[in-house]
Amino acid sequence: MAEAESFVQAEIRPHVNEFEEQGGIPRELIAKMASKGYLAASLPKEYGGLGLDPVYYGLFTEVFGKACTATRSLITVHTSLVSETLLRFGSEEQKESWLPRLASGEVISAFGLSEPDIGSDAKSIKTAWHEEDDYYVLNGTKKWITFGDIADVFIIIASNNGKSTAFLVERSFPGVQTKRIEGLLAARATYLAEIHLDNVKVPKSNVLGKLNFAFEYVVSAALDQGRYSIAWAGLGIAQEALDAMVTYSRSRTQFEQKISSFQLIRGMIGDAVTKVHAARAICLRAGELRKQKHSDASIETTISKYFTSKVAVEVTNDALQIHGANGFTNQYPVERLYREAKVLEIIEGSSQMQQEIISHYGLKQYNKRSRKR
């Protein structure tokens, strides 16, 4: 973990504003991350990964998430959503073909689920597939695809008569085009894109998992893996905002006093410390349960993602408030943290969707039936 922190301090943190201005993290940086094994941190060593267990992978994610949302997003998508999903559902041939190249950064990946009119209602996707000779033919559009504009391979979810299938779609296939999405509030350095699929012929060997069962298996598992990474991302942003508000309040002088001496400022800091500590505890619990392959790991991951997303928004809001007018300039990190925090309440299932899932769990788990006395 110390090596990753040193890498982030030297190669990433000083250049975060440049990444946003340039509209993407440099390919050279992606190559450096890959050479360190950072694009395969949770993969087994046999495929070129670092073999980190869920707890250490979460801590690893936080290191990048504190400094730079774009590099953390690459890890979330490339590693959690795609590589881990391929490891779990891919055939031996698919794993041997793709995982070493994903680990080395030879190919970059993205996950294609969302569409222009489909977000939370993911089972209603309109991207369609049909069988034709030795191929499956795909038509449709995916949107809001992180790193979609530079990815070499996509996991694309498509539907046929209401049943979905996951396909490994290569950029080189005829009919695949991507269009960069501009004018974003956040995620400005993540190559967000639309993917257009026009009669794309996909070999039958590129089906990932079972035909017609993508949502039941592939999508469900991928989103669970993504939510775990996002939970730590929320913690990372909240921790970075807490660090920023404390540092600023101890240096900023108003009315001939450091603003850290003002009771209301200390109140916000006290709340932020409490929220960050609680967020860290809940992430560690989810990680331990995932490590144990416990049956409650998925719901604890959902709870963690929901909670840390809210904490990130709340703590960055207070951090910006403490910075005052200075918080609105990119000379201070809270401007960016404030923008990036909000995204976490939307991606990998909105906070409202998480509330629904958690409430169903709560209604079942905590129902104490009345007993005769």
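Residues numbered from 1 in each chain as written. Predicted model: local features only at pLDDT ≥ 70, side-chain atom pairs only at ≥ 80, totals over all residues. Heavy atoms only, no water.

Engineer: Outline the packing of aromatic side chains, listing residues and values.
Structural biologist: To describe a pair of aromatic rings, you give the distance between the ring centres and the angle between the ring planes. Evaluation of the coordinates by the stated rule reveals 14 aromatic pairs. Ring geometry for Tyr38 and Phe60: centres 5.5 Å apart, planes at 55°, overall tilted. Taken together, the positions of Tyr38 in the loop between helix 3 (27-35) and helix 4 (54-67) and Phe60 in helix 4 put the pair 22 residues apart, joining distant regions of the chain. For the pair Tyr38 and Phe60, a shared accessibility class is recorded, and that class is buried. With a centroid separation of 5.8 Å and 50° between ring planes, the pair formed by Phe147 and Tyr191 is classed as tilted. (Phe/Tyr/Trp six-rings, centres within 6.5 Å; stacked < 30°, edge-to-face > 60°. Helix = DSSP H or I, 4+ residues; strand = E, 2+ residues; numbered from the N terminus. Buried < 20%, exposed > 50% of the residue type's maximum accessible area, 1.4 Å probe, protein only.)

Engineer: So what about the domain arrangement of the protein? Which residues, and what values?
Structural biologist: Parsing the protein into structural domains produces domain 1 (1-107), domain 2 (110-208) and domain 3 (217-365). Here domain 1 and domain 3 have C-alpha centroids that lie 21 Å from each other. Facing 25 residues of domain 1, the contacting portion of domain 3 comprises 31 residues. Buried area between domain 1 and domain 3, summed over both chains or domains, comes out near 2300 Å², and the portion from carbon and sulfur atoms is 55%. Broken down residue by residue, the surface that domain 1 buries against domain 3 is led by Val55, Glu62 and Lys66, which jointly contribute 23%. Joining domain 1 to domain 3, the criterion identifies five salt bridges. The partner of Arg280 in a salt bridge is Glu62, with the nearest N and O atoms 2.7 Å apart. For the pair domain 1 and domain 3, the interface holds ten residue pairs in polar contact (both at pLDDT 80 or more). Looking at the side of domain 1 that touches domain 3, the elements that each hand over two or more residues are helix 2 (16-22), helix 4 and helix 5 (69-89). Tallying contributions element by element places helix 4 first for the side of domain 1 that touches domain 3, with ten residues. (Domains from an automatic or database assignment. Contact = heavy atoms within 4.5 Å. Buried area = accessible area lost by both parts, 1.4 Å probe. Salt bridge = Lys/Arg side-chain N within 4 Å of Asp/Glu carboxyl O. Polar contact = N/O pair within 3.5 Å; in protein donor to acceptor, adjacent residues only side chain to side chain.)

Engineer: Quick rundown of the UniProt feature "domain: Acyl-CoA dehydrogenase/oxidase N-terminal" (unreviewed entry) in the protein? Include the residues and the values.
Structural biologist: The residues that UniProt annotates with the feature "domain: Acyl-CoA dehydrogenase/oxidase N-terminal" (unreviewed entry) are residues 3-106. Secondary structure content for residues 3-106 is 71% helix and 0% strand, and the end C-alpha separation is 22 Å. (UniProt positions renumbered as here; feature names shortened; annotations may be inferred.)

Engineer: Help me get a handle on the UniProt feature "domain: Acyl-CoA dehydrogenase/oxidase C-terminal" (unreviewed entry) in the protein, residues and values and all.
Structural biologist: Feature annotation in UniProt assigns "domain: Acyl-CoA dehydrogenase/oxidase C-terminal" (unreviewed entry) to the following positions: residues 218-359. Helix makes up 77% of residues 218-359 and strand makes up 3%, while its end C-alpha atoms are separated by 24 Å.

Engineer: So, the side chain of Thr316: which residues are in play, and what are the values?
Structural biologist: Position of Thr316 among the secondary structure elements: in helix 9 (residues 297-323). By relative accessible area, which is 1% here, Thr316 ends up buried.

Engineer: How would you explain unusual backbone geometry if you had to name every residue and give the values?
Structural biologist: Despite not being glycine, Asn212 has its phi angle at roughly 75°, a positive value. Its location among the elements puts Asn212 in the loop between strand 8 (207-208) and helix 7 (214-251). Relative accessible area serves as the criterion here: at 25%, Asn212 is assigned to the partly exposed category. With a phi angle near 55°, Phe255 is a residue other than glycine that sits in the positive phi range. Considering the arrangement of structural elements, one finds Phe255 in the loop between strand 9 (253-254) and strand 10 (257-258). Classification of Phe255 by relative accessible area gives exposed; the value is 72%.

Engineer: Which residues make up helix 3, and what values go with them?
Structural biologist: When helix 3 is considered as a whole, its buried residues turn out to be Leu29, Ile30, Met33 and Ala34. The arc that holds the buried residues of helix 3, viewed along the axis, is 140°, so those residues lie on one side. Counted as exposed and oriented over 90 degrees from the buried face of helix 3: Glu28 and Ser35. On its buried face, helix 3 is in contact with helix 1 (2-12), helix 2, helix 4, helix 5 and helix 6 (92-104). Two residues or fewer past helix 3, Gly37 is found with a positive phi of approximately 85°. (Arc of directions from axis to C-beta.)

Engineer: Just give me the short version of the packing of helix 1 against helix 4, but keep the residues and values in it.
Structural biologist: Remark: helix 1 packs on helix 4, axes separated minimally by 10 Å, with the N-to-C direction vectors making an angle of 20°. On the basis of the axis angle, helix 1 is roughly parallel to helix 4. Seen from above, helix 1 lies across helix 4 with right-handed handedness. Here helix 1 contributes Ala4, Glu5, Phe7, Val8 and Ile12 to the contact with helix 4, which in turn contributes Phe60, Val63, Phe64 and Ala67. Residue classes in the contact of helix 1 with helix 4 are distributed as eight nonpolar, no polar and one charged. (Axes fitted to C-alpha atoms, helices over the stretch in contact; angles between N-to-C directions. Parallel < 35°, antiparallel > 145°, perpendicular 65-115°, else oblique. Left-handed = near helix turned anticlockwise from the far one by under 90°. Nonpolar A, V, L, I, M, F, W, Y, C, P; charged D, E, K, R; others polar.)

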